[in-house]
Amino acid sequence: MNHSQWTLAAISVLGFAAPALAQEADFNLIYHVERTPAAQLSIEACGQAVVDAATQAGLRSATQSYPDQLVTVSGGEDSLGAFVVQCIAVGDTTVSVVQGIDYRQQKGAPRKLSAAG
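Here goes a summary of the coordinates provided.

Taken together, the five strands give an open sheet; going across it, the order is β2-β6-β5-β4-β3, and neighbouring strands pair in antiparallel fashion. Looking along the sheet, the strands with just one partner apiece sit at the ends: β2 (28–37) and β3 (60–66). Neighbour-to-neighbour, the strand axes of this sheet turn through a mean angle of 10°, independent of strand direction. In this structure, strand β4 (residues 70–77) lies alongside strand β5 (residues 81–90), joined through eight bridges in antiparallel fashion. Bridge pairing links Val73 to Val85 in β5. The strands touched by helix α3 (residues 43–56) are β3, β4, β5 and β6 (93–102); relative to β5, the strand with the most contacts, the crossing angle is about 165°.

Moving on: the nonpolar core. Val50, Leu59, Val71, Val73, Phe83, Val85 and Cys87 are the most contacted members of the largest nonpolar core, which has 14 residues in total. Contributions of two or more residues to this core are made by α3, β4 and β5.

How each quantity is defined
Residues numbered from 1 in each chain as written. Predicted model: local features only at pLDDT ≥ 70, side-chain atom pairs only at ≥ 80, totals over all residues. Heavy atoms only, no water. Pairing = 2+ DSSP bridges. Helix = DSSP H or I, 4+ residues; strand = E, 2+ residues; numbered from the N terminus. Axes fitted to C-alpha atoms, helices over the stretch in contact; angles between N-to-C directions. Contact = heavy atoms within 4.5 Å. Core = buried A, V, L, I, M, F, W, Y, C linked by side-chain atoms within 4.5 Å. Buried < 20%, exposed > 50% of the residue type's maximum accessible area, 1.4 Å probe, protein only.

So this is what it looks like as structure tokens:
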């Protein structure tokens, strides 16, 4: 990918969890922070990449936006888990904070996304 990449582990993991696992396993917390130059990934592009990934994974999502400051995308699926991603403008940097809860014990490789998808 041409743009700097950031990890969206919460969505990639939640998209493959099964409802039956929620009844049999403890939850797992995923947390990741990435810093990307804003010229390569704006907070708006960051938020849109999260919405696109959630949609592709079949997860619900809702977005809150505070122009030039913060874009928050949250969502998930009943019995599968939930995620919150904050795309924060800090000077000339976009900071993405990913938090997710899921019930899958084995994790796959984190999914990498960029503004280009």
